[in-house]
Amino acid sequence: DLVILKKPDKKDRREILEERLLAIIFKYEPKLILKPEIYSLIVTPFSKKLAVLFKEFMSKNKEFDPSLFAGELPGELSSGFTEMILSDVEGLKDDPEFYNKEIAGLVREIEISGVKKRLVGLALKIKELEERKKKDKLKIYEKKFDYFSKKLNELEESGHKGIIL
């Protein structure tokens, strides 16, 4: 008999960045997840579910208790969350300034990832419009592409500027 083993799904860069951001925030200052500028960045399925459930949890609780929160999570999220909390986040020093810089760097990288994804989508749309000779719509998408290209440039040049604490 032939047995086919399924390879574990490989996480993309965005998932890895979001999970590292959440791991650090859960260890350092969990309520940061509730800030719109952080919450809106979290879009990958596992991280988004965790953020949504965290928001619900905090609406019912004044303080964050990781064990209580983990107990309320569905099985697949609970094990992922526990792994995240127990993992020794590589390279972290127990220093608020260091955490702030790390969080700021991750936020920046996630924003860059989002802009790059947007640019890929726009490039495909532009190519399609060029092939269909839709010049009126083409100009609109070219302007959007220019806007996001500039935004990407700014983000890549900005370096670590600090977080929204």
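Report on the accompanying structure. (Residues numbered from 1 in each chain as written. Predicted model: local features only at pLDDT ≥ 70, side-chain atom pairs only at ≥ 80, totals over all residues. Heavy atoms only, no water.)

## Focus on the packing of helix α1 (residues 13–28) against helix α6 (residues 96–131)
1) Next: Orientation of α1 relative to α6, taken along the N-to-C sense of each, is 155°, at an axis distance of 10 Å. Taken together, the axis directions place α1 and α6 in an arrangement best described as roughly antiparallel. Of the two possible hands of crossing, α1 and α6 adopt the one that is left-handed. For the pair α1 and α6, the contacting residues are R13, R14, L17, E18, R20, L21, I24, I25 and Y28 in the first and P96, Y99, N100, E102, I103, L106, V107, E109, I110, S113 and G114 in the second.
2) Next: Across the contact of α1 with α6, the residue classes break down as 11 nonpolar, 3 polar and 6 charged. (Axes fitted to C-alpha atoms, helices over the stretch in contact; angles between N-to-C directions. Helix = DSSP H or I, 4+ residues; strand = E, 2+ residues; numbered from the N terminus. Parallel < 35°, antiparallel > 145°, perpendicular 65-115°, else oblique. Left-handed = near helix turned anticlockwise from the far one by under 90°. Contact = heavy atoms within 4.5 Å. Nonpolar A, V, L, I, M, F, W, Y, C, P; charged D, E, K, R; others polar.)

## With respect to the nonpolar core
In summary, soluble globular proteins display a tendency toward joint burial of nonpolar side chains.
1) Next: If you look at the biggest cluster of nonpolar residues, it comprises 30 residues, and the most contacted ones within it are L21, F26, I33, L50, F64, F69 and F81.
2) Next: Sorting the residues of this core by element identifies α1, α2 (36–39), α3 (45–60), α4 (66–72), α5 (75–86) and α6 as the ones contributing at least two each.
3) Next: Per element, the largest residue contribution to this core is 7 residues, and it comes from α1.
4) Next: With residues up to four places along the chain from it excluded, the contact list for F26 reads I33, L50, F54, F64, F69, F81, M84 and I85. (Core = buried A, V, L, I, M, F, W, Y, C linked by side-chain atoms within 4.5 Å. Buried < 20%, exposed > 50% of the residue type's maximum accessible area, 1.4 Å probe, protein only.)

## Side note on the pattern of salt bridges
1) Next: Using the criterion set out here, one finds 10 salt bridges in the structure.
2) Next: A salt bridge links K31 to E63; the shortest N-O distance between them is 3.9 Å. Here the residue K31 occupies a position in the loop between α1 and α2, and E63 occupies one in the loop between α3 and α4, the gap between them amounting to 32 residues.
3) Next: The closest approach of N and O atoms between R108 and E109, which form a salt bridge, is 3.2 Å.
4) Next: Members of the salt-bridge network, linked through shared partners, are R13, R108 and E109. (Salt bridge = Lys/Arg side-chain N within 4 Å of Asp/Glu carboxyl O.)

## Side note on unusual backbone geometry
1) Next: Notably, K133 is not glycine yet its phi reads approximately 55°, a positive angle.
2) Next: As for its placement among the helices and strands, K133 is situated in the loop between α6 and α7 (135–158).

## Digging into the packing of aromatic side chains
1) Next: Taken as a whole and assessed by the stated rule, the structure comprises 13 aromatic pairs.
2) Next: Judged by centre distance (5.3 Å) and plane angle (70°), the rings of F54 and F64 are edge-to-face. With F54 in helix α3 and F64 in the loop between α3 and α4, the pair connects residues that are 10 residues apart, well separated along the chain. Across this residue pair, the class does not change: F54 and F64 are buried.
3) Next: Aromatic side chains F64 and F81 sit 6.5 Å apart centroid to centroid with 90° between the ring planes, which places their arrangement in the edge-to-face category. Taken as a pair, F64 in the loop between α3 and α4 and F81 in helix α5 lie far apart in primary sequence, 17 residues in all.
4) Next: F64 gets classed as buried once you look at its relative accessible area, which sits at 15%.
5) Next: Site record: aromatic cluster; members linked through ring pairs are F26, F54, F57, F64, F69 and F81. (Phe/Tyr/Trp six-rings, centres within 6.5 Å; stacked < 30°, edge-to-face > 60°.)

## Structural notes on the packing of α3 against α5
1) Next: Interaxial distance between α3 and α5 falls to 11 Å at its minimum, and their mutual angle equals 90°. Considering their axes alone, α3 and α5 lie roughly perpendicular with respect to each other. For the pair α3 and α5, the contacting residues are F46, K49, L50 and L53 in the first and E76, L77, G80, F81 and M84 in the second.
2) Next: Classifying every residue of the contact of α3 with α5 gives 6 nonpolar, 1 polar and 2 charged.

Read these as layout, nothing more, since geometry by itself doesn't imply function.
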